[in-house]
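Chains, contacts and geometry: an overview
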Amino acid sequence: MASSQPVLVVAISSRALFDLEESHQVFVEQGVEAYARYQIAREDEPLAPGVAFPLVRKLLALNEGGRRRVEVILLSRNSADTGLRVFNSIRHHGLDISRAAFTGGRSPYRYVAPFGAQLFLSADADDVRRALEAGLAAAVILPARSGAAGDGELRIAFDGDAVLFSDEAERVYQREGLEAFQRTEAESAHEPLAGGPFKPFLAALHAIQREFPAGRCPVRTALVTARAAPAHERVIRTLRAWEIRIDEAFFLGGLPKGAFLRAFGADIFFDDQRRHCEDAAAHVPAGHVSHGVVNEPLREAGEG
């Protein structure tokens, strides 16, 4: 009998899952027809793992023991013809991925919701921006100079404002400065923050964590934020009001996040600020969440 418990669904692009940079360069320099010929000629040559490959392997490993907790969906701009190499690579690497959408050059973000995905990871900034505008959790996978942690425990780290939480507090900071931000957050300490785009994904991870005995859970989460006292209290009380557990929390008061993420061993870190993602990507895989007030100038300029 199938389990009635919900499954965490993660949608991922082929360029986030596999190393397709050489193929993509053919597309950019020579066009779609040359790209198609290139991929079809090499469809039996497995693609090398991409930045998000170790994360996907760990997510799928949560299905061990007979309970299907996670499903990974492939969303790709490839056509079915050129996508055959991707599916052959999935089989070669032993990944349990059976569902996919190949959109023949069109943006695949519109299929995130029909698949019921709580997270969309892509190398395409425009696809991610559209998914976020549709109210979905999404992030651009940055090129990483360091791989995911080697052991079997899945470790995911999040920034707070505009990621787990709304950007309401960040807007005060951007408009009025640090002193006003700290004063407002202290005054609002007992008022929970509204949820951000990644709240449902964190809740889904928390539901998986609750299935395991204390001390034996294969999933560990962390909040890594530039906030510091006195702005910490509202965050703690918000998570308490949501009844969602965060295993570790770092209130860094503006310190660079990369070294802390490396020490935590994050398989991926999500942040709304590109500079924090770039710093993190020197240590761990990172995803840029192009949401909230700090990303409004980028959206207005039509950039990622």
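A quick note: this is a predicted structure, and the numbers were derived from the prediction, not measured.

Right, let's get into the pairing of strand 2 (residues 70-76). Of all the seven residues making up strand 2, seven are buried; the element is thus mostly covered by neighbouring parts of the structure. Side chains Val70, Val72, Leu74 and Ser76 project from strand 2 onto one buried face, and the interleaved Glu71, Ile73 and Leu75 project onto a second face that is buried too. Direction of pairing for strand 1 (residues 8-13) relative to strand 2: parallel, over a ladder of six bridges. Within strand 2, the position partnered with Leu8 by the bridge is Val70. Bridge analysis of strand 2 against strand 3 (residues 100-102) gives three bridges, and the strand direction is parallel. Within strand 3, the position partnered with Leu74 by the bridge is Ala100. Taken together, strand 2, helix 5 (residues 80-92) and strand 3 constitute a β-α-β crossover, and its handedness is right-handed.

What follows covers the domain arrangement of the protein chain. When its domains are assigned, the protein chain resolves into domain 1 (8-142) and domain 2 (154-295). In this structure, domain 1 and domain 2 have C-alpha centres spaced 26 Å apart. Between domain 1 and domain 2, the residue contacts involve 22 residues of the former and 25 residues of the latter. The contact between domain 1 and domain 2 buries some 1,900 Å² in all, and 72% of this surface belongs to carbon and sulfur atoms. Taken as a group, Leu62, Arg69 and Leu142 account for 29% of the area that domain 1 buries against domain 2, more than any other trio of residues on that side.

Rules of the game
Residues numbered from 1 in each chain as written. Predicted model: local features only at pLDDT ≥ 70, side-chain atom pairs only at ≥ 80, totals over all residues. Heavy atoms only, no water. Buried < 20%, exposed > 50% of the residue type's maximum accessible area, 1.4 Å probe, protein only. Helix = DSSP H or I, 4+ residues; strand = E, 2+ residues; numbered from the N terminus. Pairing = 2+ DSSP bridges. Right-handed = clockwise from strand over helix to strand, strands pointing away. Domains from an automatic or database assignment. Contact = heavy atoms within 4.5 Å. Buried area = accessible area lost by both parts, 1.4 Å probe.

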